[in-house]
Amino acid sequence: MSNLKMKEAALIYLDRSGGLQKFIDDCKYYNDSKQSYAVYRFKILINPSDVVELDAELGNHILHQPLKAAEVFQSVCFIAVKTLSLIGQLQTETQINIVLKLTHLPPLPSYGLDLCEFPLDYTSQRFYMMQGIVIAMTTVTKYTQGARFLCSDEACPLSKGFQYIRVHVPGATESATIRNDFLCNLCASSLQEDRKFRVLGDKQIVEIIATKALHAFQGYSNNQPFRFQSLTIFLRDESVNKMNIGNEYKIIGIPTCVKTSQTAVCIEANSVTFCNSKVPSGISDNFRCLLSLTSSSCWKFTAILANIFASQITPPGTYNMLKLCLLMSLVQTTDRNKELEDCLDILIITSDSLLIDRLLNFSINLVPRGVRHLVSTEIFPTLSRNKYGTGAVSIQAGSALLAKGGICFIGDLASHKKDKLEQLQTVLESRSITVYIPGKKFGEDIDQQMTFPVQCSFWSFVDMDSSSRRNAQKINTLIGQMDCSLIPANLVEAFGLLINCNESSPCHPFLPTVQHTLNKAINPEGLFYAASRQFTTEDFEKLLAFAKNLNVEFSLEAERMTHGYYLASRRIRTGSVCGSKLSASALKYLVFLSEAHARLNLRNKVLKEDVLIAALLFETSLTLKYGIKQSPTAELGKIAKENLIISWVWWLTPVIPAPWEAETGGSQGQEIETSLPNTVKTRLY
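Rules used throughout
Residues numbered from 1 in each chain as written. Predicted model: local features only at pLDDT ≥ 70, side-chain atom pairs only at ≥ 80, totals over all residues. Heavy atoms only, no water. Buried < 20%, exposed > 50% of the residue type's maximum accessible area, 1.4 Å probe, protein only. Helix = DSSP H or I, 4+ residues; strand = E, 2+ residues; numbered from the N terminus. Pairing = 2+ DSSP bridges. Axes fitted to C-alpha atoms, helices over the stretch in contact; angles between N-to-C directions. Patch = residues over 30% accessible without salt bridge, like charges linked within 9 Å, V, L, I, M, F, W, Y side chains within 5 Å. Areas by Shrake-Rupley, 256 points an atom, 1.4 Å probe, with all protein chains shown as cover. Salt bridge = Lys/Arg side-chain N within 4 Å of Asp/Glu carboxyl O. Polar contact = N/O pair within 3.5 Å; in protein donor to acceptor, adjacent residues only side chain to side chain. Contact = heavy atoms within 4.5 Å. pLDDT = per-residue confidence, 0-100. Expected span 1.5 Å × (residues − 1). Arc of directions from axis to C-beta. Disulfide = S-S within 2.5 Å. Phe/Tyr/Trp six-rings, centres within 6.5 Å; stacked < 30°, edge-to-face > 60°. Core = buried A, V, L, I, M, F, W, Y, C linked by side-chain atoms within 4.5 Å.

S.K.: Whenever I open this one, the pairing of strand β19 (residues 497-501) confuses me. Can you help?
M.R.: For a regular strand, the rule is simple: side chains alternate between the two faces of the sheet. Within β19, 5 of the 5 residues are buried, which leaves the element mostly enclosed by the surrounding structure. The two faces of β19 match: L497, I499 and C501 on one face and L498 and N500 on the other face are all buried. As paired elements, strand β11 (residues 346-350) and β19 share 5 bridges and run parallel to each other. Opposite I348, over in β19, you have I499 as the bridge partner.

S.K.: For this particular structure, what's the right way to read the sheet that holds β11?
M.R.: Within a sheet, neighbouring strands are paired by backbone hydrogen bonds and run either parallel or antiparallel to one another. The strand order across the open sheet built from 5 strands is β12-β15-β18-β11-β19, with neighbouring strands paired in parallel fashion. Looking at the sheet topology across the chains shown, the edges are occupied by β12 (370-372) and β19. Strand after strand, the sheet turns through a mean of 20° between neighbouring axes, direction not considered.

S.K.: Hey, could you run me through a nonpolar patch on the surface in this one?
M.R.: A cluster of nonpolar side chains, F510, V514 and L518, forms an exposed patch at the surface whose accessible area comes to about 290 Å². Considering the arrangement of structural elements, one finds L518 in helix α15 (residues 510-522).

S.K.: Would you mind going over the pattern of salt bridges with me for this structure?
M.R.: Side chains carrying opposite charge are able to pair once their charged atoms draw close together. All chains considered together, the criterion is met by 17 salt bridges. The closest approach of N and O atoms between E238 and K101, which form a salt bridge, is 3.0 Å. You can see E238 sitting in the loop between β8 (231-236) and β9 (248-259) and its partner K101 sitting in strand β2 (residues 96-102), a full 137 residues away along the chain. What makes E238 partly exposed here is its relative accessible area of 25%.

S.K.: Explain the side chain of S399 here, please?
M.R.: Locating S399 in the fold gives a position in helix α11 (residues 399-402). There is a polar contact of 2.9 Å between the side chain of S399 and the side chain of H373. Contacts of S399, omitting those with residues within four sequence positions, involve V371, H373, T377, E378, I379 and C408.

S.K.: Would you take a moment to explain the confidence of the model for the protein for this structure?
M.R.: Residues shown with low pLDDT carry predicted positions that ought not to be read at fine detail. Here the protein shows a mean pLDDT of 80. Residues at 70 or above account for 80%. Counting interchain partners and residues more than four positions distant, the pLDDT-below-50 stretch residues 633-685 has 88 contacts.

S.K.: Teacher, can you tell me more about the environment of F546 here?
M.R.: Structurally, F546 is set in helix α17 (residues 537-548). What makes F546 partly exposed here is its relative accessible area of 31%. Taking the C-alpha atoms as reference points, F546 and G282, separated by 264 residues in sequence, lie 5.5 Å from one another. Among residues more than four places away in sequence, those in contact with F546 are S281, G282, I283 and L602.

S.K.: Explain helix α2 (residues 19-33) to me, please; I cannot follow it from the model alone.
M.R.: With 15 residues, α2 should reach 21 Å at 1.5 Å per residue; the first-to-last C-alpha distance of 22 Å fits that figure. Among the residues of α2, those classed as buried are G19, L20, F23, C27 and Y30. On an axial view of α2, the arc spanned by its buried residues comes to 95°, and they lie on one face. Along α2, exposed side chains directed more than 90 degrees from the buried face belong to K28 and Y29. Summarising the contacts, the buried residues of α2 are in contact with α1 (2-17), β1 (40-46) and α5 (66-84). The positive-phi residue at the C-terminal boundary of α2 is K34, with phi of around 60°.

S.K.: Just to check I follow, could you spell out unusual backbone geometry for this structure?
M.R.: With the exception of glycine, most residues fall at negative phi, and the peptide bonds are largely trans. For Y319, which is not a glycine, the phi torsion comes out positive at approximately 55°. Checked against the element boundaries, Y319 lands in the loop between α8 (300-308) and α9 (320-332). Accessibility expressed as a relative area gives 0% for Y319, which makes it buried. A positive phi is found at R431, a non-glycine position, where the angle reads about 60°. Along the chain, the position of R431 falls in the loop between α12 (418-430) and β16 (432-437).

S.K.: Please explain the environment of P488 as it appears in this structure.
M.R.: Here P488 is to be found in the loop between α13 (467-472) and α14 (489-494). Measuring from C-alpha to C-alpha, the distance between P488 and L421 comes to 8.4 Å, with 67 residues separating the pair along the chain.

S.K.: What's the story with the state of the cysteines in this structure? I'm lost.
M.R.: Each disulfide consists of one covalent bond between the sulfur atoms belonging to two cysteines. Under the defined criterion, the tally for this structure stands at 0 disulfides. With no disulfide of its own, C151 lies 3.3 Å from the sulfur of C187, the closest cysteine sulfur. With relative accessibility at 6%, the residue C151 sits in the buried group.

S.K.: How do you make sense of the packing of aromatic side chains when you look at a structure like this?
M.R.: Each pair of aromatic rings is reported with the distance of its centres and the angle of its planes. Under the criterion given, the structure shown has 16 aromatic pairs. Ring geometry for F23 versus F42: centroids 4.7 Å apart, planes at 55°, classification tilted. One end of the pair, F23, is in helix α2; the other, F42, is in strand β1, with 19 residues separating them in the sequence. The same class applies to F23 as to F42, namely buried. Summarising the aromatic geometry, the rings of F287 and F540 are spaced 5.3 Å apart at their centres and angled 85° between planes, so their arrangement reads as edge-to-face. Here F287, found in helix α7 (residues 285-293), pairs with F540, found in helix α17; they are 253 residues apart in sequence, far enough to count as distant. The pair F287 / F540 is uniform in exposure class, with both members buried.

S.K.: Honestly, the pairing of strand β18 (residues 457-463) in this entry has me stumped. Any pointers?
M.R.: Taken across its 7 residues, β18 has 7 buried, putting it largely inside the fold. Burial along β18 is two-sided: the residues S457, W459, F461 and D463 and F458, S460 and V462 are all buried. Inspection of the sheet shows β11 paired to β18 by 5 bridges, in the parallel sense. If you follow L347 over to β18, its bridge partner there is S460.

S.K.: I'm lost on the nonpolar core in this one. Help?
M.R.: Generally speaking, a soluble globular protein has its nonpolar side chains buried in company with each other. With 73 residues, the main nonpolar core has F287, L322, W459 and F618 as its most contacted residues. No other element matches the 10 residues that helix α20 (residues 608-626) contributes to this core. Dropping the residues within four chain positions of it, L322 is found in contact with I348, I356, L359, I499 and C501. The next biggest cluster of nonpolar side chains, apart from the first, holds 58 residues, and it includes I233, L347, I433 and L491.

Structure (structure tokens):
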């Protein structure tokens, strides 16, 4: 009686939700084909909340006994087919394969699956919800969706018809669906498959990791040891190719236990939904006050941000140009628009690789997808054989694809082999990576290739202070040109910005850095500057999350200024023999730099002042690459006033003591507490 009541509830739900009409339309497709199938597959969309309100028992079956719930809908659908004469070829109820697709699960802890929590319940065959980032995926292969078996004894009545039908159930392997040890229930003879009625479907295997496990790739975990494990997801039929490497998804599925060389817990996916982790964003009160006090200038806010940024790593007033570029790269890189690769790649020439490494490592932790590449791993996707014996090729993500919408910090550029550097150059130029799959090696008939977009910014540095590299340096023939002979010239050109952070550069004051390092060695957790207490790391994280989501557009003056500088710089750097040294991507970088500076100022419009900062940063980078031949500053002077350049020089020059320290005794770590408005008024001029 209970089963009959659930069937009635299932029919009412199908009628109310529109599922019955969709089922009738699907039946019409099968009926019009005039072809006899072993299995007729139907997908029914289920809203658990609506079903529970209609009939609690049926809702409970859907959530906790989905296979039995599918049998209820199978019976209802078969009765509907026979009553309404929807499919003339259908003979038995077992030929109907019902797949229940859930829209969501109740937001309760018991419906979430986390590998960090034990014990894992993978034997109940019920639905769970999990969330994670794709780190690997296979090519699409085939699996047996359904098959027809006949009795081998021709005298047996069951040697014909569609009495013995096998369909795939969650967790079943190919050998579980297709076997040769089935026996006839009537005469006990062996059953044989009728191969011409075998129904094939698409299958893909994906590996995900929990979002919080991404901290393992950031190189900074607050000294908290932890471990993580990837989770295997089986995608079938309409779910195939719905997941991409590097993206984050919410998955509803049924856990199963799969035995290969070792037992592994896998998920048979029921539904897949793309999602983005919500990152807290906003502007702290101190930043709001600072923004208000600096509103008279288009540069003061970003100048102070660069000055006080990462004061836990370097003292305020040091590495100002580098810190500004890092902040601009952080606010510019996002998956806001997937059609545009608005990335700012940075290459740093330094003699203090340890401090630069700490600064970059600190910075990548301010965005959700900051990934530090380890030399022992791969930057770009690699191939391996799938461990589940499907014959498919498994494509492992690599650091660059994991950093989608973020930063990939690849460390010392000279630590990578020549072939990896060539691959990096190709990616920087094309913003995509192509993986070639040799068919012969992986058991395929033909070779394949897959192309993945690379949507992250690359940060790297070159240590010019090692003895082997110091002896290899050449004498520069052009004023201002940096010796980059240890790195392929085309690779240096592929990076958008080249920054010099050597001891001889003005952004490297020696004494404050030494004092900061000694203080950190004595008190690692200490906050030695007022700026560190007023503007916390969390404040910077929220500010960057807010700024990167701003939609900016160019003003007419800014657009004219960008084109004017680009044309002037291209004309100046054009030779009679080798042509222009300025690549076609230069204009793109100018636009990205201008947009980034506007976002960092929390503005929606790019002004000519933003373009000026972008041009000066870009000009500095070009000078390091090619030397000073003739500066296009005169072209800028036609558009910008002289005090704009003076303002640039003001904040670019290190301020010692820092703006947040007292002018007396600051170098000894002594500070005088002042209010934020008074501090800004006395230091900004």
